[in-house]
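Take a look at the letters that make up each chain.
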Amino acid sequence: MIKVAIAYPSSIRVALQSLSVHIIRKLLSEYPNVYADFVFIGNNGQSITKSLKDFDVVIFSVHYELDYPRILKMMEISGINPYSSQRGINDPLIVMGGPTLIANPEPMAPFADIILIGDAEVLIPKFMEHYMEYGKDIEEYVNLTGFYIPSLGKHIVSKAFAKDLSYSIKLIHDTAIELGLSNVKSVFSHSAILEVMRGCPRGCLFCMEGFIGRPVRYANINSIKNIVLRDANKDKKIINGVSLMGLSVTDHPGFKDLMDFLVNNLGLSVSVPSLRVDSLDEDTIKLIVRGGQKVLTIAPESSERLRRALGKGFSDDDIASIVISAMNAGIDHMKLYFMVGLPGETNDDVESIINLLLRLKRLGIKYSLSVNPWIPKPHTPLQWLPMASDDVINSRVKVLEDLRTYIEFSTYNILDAKVQALLSLGDRDVGDLVFEASLTGLDRGSWRRLLRKYENLLNKYVYSWKPLNSELPWSHIRIPGIEEQSLKVLLLRYLKEVNISISIN
Ligand code: SF4
């Protein structure tokens, strides 16, 4: 038997809410000679549920930059040296994957034997087949699409992607049902998760998920209907609701048809993620409300001027009319997402956000506001630009917080945002910071101290303009359909629209 750990650098409660760990387990369960088990961080944050040393292979599923040091901690607790160069043949092979590493694997490059760039559905089977033939001889993996072997130096890796979602629809659906029945208290409860699309056709300039999720793939609506019918007919207790997953689900050409089927034909409750304002109309909103959704979430992001420059072409009037349609359909609570510290943002933009919020408030429903710092992200057209200073972000957040046009106000901690930016944008030299962080309690005091110590890296990767003709730390990672040249064109258009002039170098 080949013993494989599916490791998630967080507690069981958080980890089991990530579908990816269940998908990986399902994929591994198709091999009779593979024994797979989950390994998580214990509730006290200092232990792990099983030693990783007992496995032949450890696959880390990684979704959040701030979890990077926890990965190292899990290795350290297991008696495994975090640095791949210090490990031997008796140590497990350390494999990592997930969206943040697809975007930029370099900060974790010193620690991984293999980093998977792409979709688990194609990469995990390919990995297992190769492991059965070549074991830990990692040079044998270097020519496979989507396999990055950091110890061999930077080499060009193209993202491997599942061409259609039929396998994953089934997989996700079955997994969610299993999860719902296994008494795991999770966000899924008895909802079946249905992945409606992967990637996003919109290309908002700040959105890493949208760019690295390419190419855009839509699930076949008839396949989804058949899968849901199968289980809905079997036993109502198996699924009493459906959660639709995808970056911009209302952009699916069959979205209304699917909603009509789930809500009107089957009488299921349906939950949908954040919705794109310009893909909504009265009928769609009514269907969503009939499906039991109590709170509608939209992301105006910024002022109308910056919103348009970012690629979200809807106006403040469009937002107000969506709120009115939502109210007419019975919604009395909206959640709104905004970003502050965007390049080219002025006091007038903040003033314009305030005017929009006051206008919406007069409509008389409740709002929850989430105001977060903009963080430059790899593979987006804004990747060359610096993050705003603490002072700018704090002052913007404060102005909006003081407005009190909402019932709830939340914001992403600015220190966490800086750490996230550094781990997102850094090169291999940021690995030292990740290692040092793993030796601390990962509290904010430790991060503050580390950011002071590594201020040069913060200035280099987070707070400076990157020359347009320079190699970026992630330039060797290729996302299908995205050329650096086309990102530059989008950047220059943005800069022109927000009145920032630069000298091209
Ligand atoms: S619509 Fe949403 S998911 Fe799609 S690119 Fe824009 S922000 Fe990203």
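Nothing here was measured: the structure is a model prediction, and the numbers come from that model. (Residues numbered from 1 in each chain as written. Predicted model: local features only at pLDDT ≥ 70, side-chain atom pairs only at ≥ 80, totals over all residues. Heavy atoms only, no water.)

Where do I start with the packing of aromatic side chains in this structure?
On inspection of all chains with the given rule, the structure shows seven aromatic pairs. With centroids separated by 5.3 Å and ring planes inclined at 45°, the aromatic side chains of Tyr-406 and Phe-409 adopt a geometry described as tilted. Pair check on accessibility: Tyr-406 and Phe-409 agree, each one buried. Linked through ring pairs, Phe-127, Tyr-131, Tyr-141 and Phe-147 together constitute an aromatic cluster. Here Lys-163 stacks its cationic end above the ring of Phe-161, 5.5 Å away from the centre of that ring. (Phe/Tyr/Trp six-rings, centres within 6.5 Å; stacked < 30°, edge-to-face > 60°. Buried < 20%, exposed > 50% of the residue type's maximum accessible area, 1.4 Å probe, protein only. Lys NZ or Arg CZ within 6 Å of the ring centre and 35° of its normal.)

Looking at this structure, I do not really get unusual backbone geometry. What am I missing?
The general pattern is negative phi for most residues beyond glycine and trans for most peptide bonds. Along the chain, Arg-214 connects to Pro-215 via a cis peptide bond; the corresponding omega equals 0°. Mapped onto the secondary structure, Pro-215 falls in the loop between helix 7 (208–212) and strand 10 (217–218). Located in the positive-phi region is Glu-301, a residue other than glycine, with phi close to 70°. With a phi close to 70°, His-379 is a non-glycine residue in the positive phi region. Inspection of the secondary structure assignment puts His-379 in the loop between strand 15 (366–373) and helix 14 (390–401). (Helix = DSSP H or I, 4+ residues; strand = E, 2+ residues; numbered from the N terminus.)

Teacher, can you tell me more about the sheet that holds strand 5 (residues 114–116) here?
To summarise the sheet geometry, strands pair through backbone hydrogen bonds and adopt either a parallel or an antiparallel arrangement. The strand order across the open sheet built from six strands is 2-1-3-4-5-6, with neighbouring strands paired in mixed fashion. A strand with exactly one partner marks an edge of an open sheet, and here the two such strands are strand 2 (34–41) and strand 6 (147–148). Of the pairings in the sheet, the one linking strand 3 (residues 57–61) to strand 4 (residues 93–97) comprises five bridges and is parallel in character. Its bridge partner lying in strand 4, Ile-59 is registered against Val-95. Across the sheet, helix 2 (residues 19–28) is in contact with strand 1 (2–11), strand 2 and strand 3; its angle to strand 1 comes to roughly 175°. Each of strand 1, strand 2, strand 3 and strand 4 touches helix 3 (residues 68–77); the most contacted strand, strand 1, lies at about 130° to it. (Pairing = 2+ DSSP bridges. Contact = heavy atoms within 4.5 Å. Axes fitted to C-alpha atoms, helices over the stretch in contact; angles between N-to-C directions.)

Explanation requested: helix 14 in the structure shown.
For an α-helix the count is 3.6 residues per turn, leaving residues at separations of three or four pointing the same way. Between the first and last C-alpha of helix 14 there are 16 Å, a value that for 12 residues agrees with the 16 Å anticipated at 1.5 Å per step. Inspection of helix 14 places Ile-393, Arg-396, Val-397 and Leu-400 among the buried residues, and these make up the whole buried set. For helix 14, the angular spread of buried residues about the axis comes to 95°, placing them on one side. The secondary structure elements touched by the buried residues of helix 14 are strand 14 (333–340), helix 13 (347–362), strand 15, strand 16 (408–410) and helix 15 (414–425). (Expected span 1.5 Å × (residues − 1). Arc of directions from axis to C-beta.)

Looking at this structure, I do not really get the packing of helix 12 (residues 316–328) against helix 13. What am I missing?
The angle between the axes and the distance between the axes are what describe a pair of packed helices. For the pair helix 12 and helix 13, the least separation of the axes is 10 Å and the interaxial angle reads 25°. It follows from the interaxial angle that helix 12 and helix 13 lie roughly parallel. Of the two elements, helix 12 crosses helix 13, and the hand of that crossing is right-handed. Listed contacts from helix 13 to Asp-316, Asp-317, Ile-319, Ala-320 and Val-323 of helix 12 are Ser-352, Leu-356, Arg-359 and Leu-360. Class assignment for the residues of the contact of helix 12 with helix 13 results in five nonpolar, one polar and three charged. (Parallel < 35°, antiparallel > 145°, perpendicular 65-115°, else oblique. Left-handed = near helix turned anticlockwise from the far one by under 90°. Nonpolar A, V, L, I, M, F, W, Y, C, P; charged D, E, K, R; others polar.)

Teacher, can you tell me more about the environment of Ser-424 here?
Mapped onto the secondary structure, Ser-424 falls in helix 15. With relative accessibility at 4%, the residue Ser-424 sits in the buried group.

Whenever I open this one, the nonpolar core confuses me. Can you help?
Taken as a class, soluble globular proteins show a tendency for nonpolar side chains to be buried jointly. Leu-52, Phe-60 and Leu-244 are the most contacted members of the largest nonpolar core, which has 137 residues in total. With eight residues, the top contributor of residues to this core is helix 15. Look past the residues within four positions of Leu-244 in its chain and what remains in contact with it is Leu-194, Val-196, Val-249, Phe-255, Leu-258, Met-259, Leu-262, Val-270, Ser-271, Val-272 and Pro-273. Counting residues in hydrophobic clusters, the runner-up holds 32 residues, among them Ile-23, Ile-59, Ile-124 and Leu-144. (Core = buried A, V, L, I, M, F, W, Y, C linked by side-chain atoms within 4.5 Å.)

Would you take a moment to explain the domain arrangement of the chain for this structure?
By the assigned domains, the chain splits into domain 1 (2–158), domain 2 (162–273) and domain 3 (295–505). Just the C-alpha atoms count here: the centres of domain 2 and domain 3 sit 28 Å apart. The interface of domain 2 with domain 3 comprises 10 residues on the first partner and 18 residues on the second. Note on domain 2 versus domain 3: buried area summed over both sides is about 1,200 Å², and carbon and sulfur give 77% of it. (Domains from an automatic or database assignment. Buried area = accessible area lost by both parts, 1.4 Å probe.)

Explanation requested: a negative patch on the surface in the structure shown.
A contiguous patch of negative charge on the surface is contributed by Glu-133, Asp-137, Glu-139 and Glu-140. The residue Glu-133 is located in helix 5 (residues 120–134) in this model. Given a relative accessible area of 58%, Glu-133 falls into the exposed group. (Patch = residues over 30% accessible without salt bridge, like charges linked within 9 Å, V, L, I, M, F, W, Y side chains within 5 Å. Areas by Shrake-Rupley, 256 points an atom, 1.4 Å probe, with all protein chains shown as cover. Salt bridge = Lys/Arg side-chain N within 4 Å of Asp/Glu carboxyl O. Lys, Arg positive; Asp, Glu negative; His and termini not counted. Charge placed at Lys NZ, Arg CZ, Asp CG, Glu CD.)

Where do I start with the confidence of the model for the chain in this structure?
For any part of a model where pLDDT is low, the fine detail of the predicted coordinates should not be relied upon. Looking at the chain, pLDDT values average 92 and 94% of them are 70 or higher. Contacts for the low-pLDDT stretch residues 183–188, under 50 throughout, to residues beyond four places or in other chains number 10 contacts. (pLDDT = per-residue confidence, 0-100.)

Help me out: how do you make sense of the sheet that holds strand 14 in this one?
Across the sheet, four strands lie side by side as 13-14-15-16; this open sheet has parallel pairing. Sheet topology places strand 13 (296–301) and strand 16 at the edges, where each strand pairs with a single neighbour. Across the sheet, the mean angle separating the axes of adjacent strands is 20° when strand polarity is ignored. Pairing analysis gives four bridges linking strand 13 to strand 14, with the strands arranged parallel. For Thr-297, the partnering residue across the bridge sits in strand 14 and is Lys-335.

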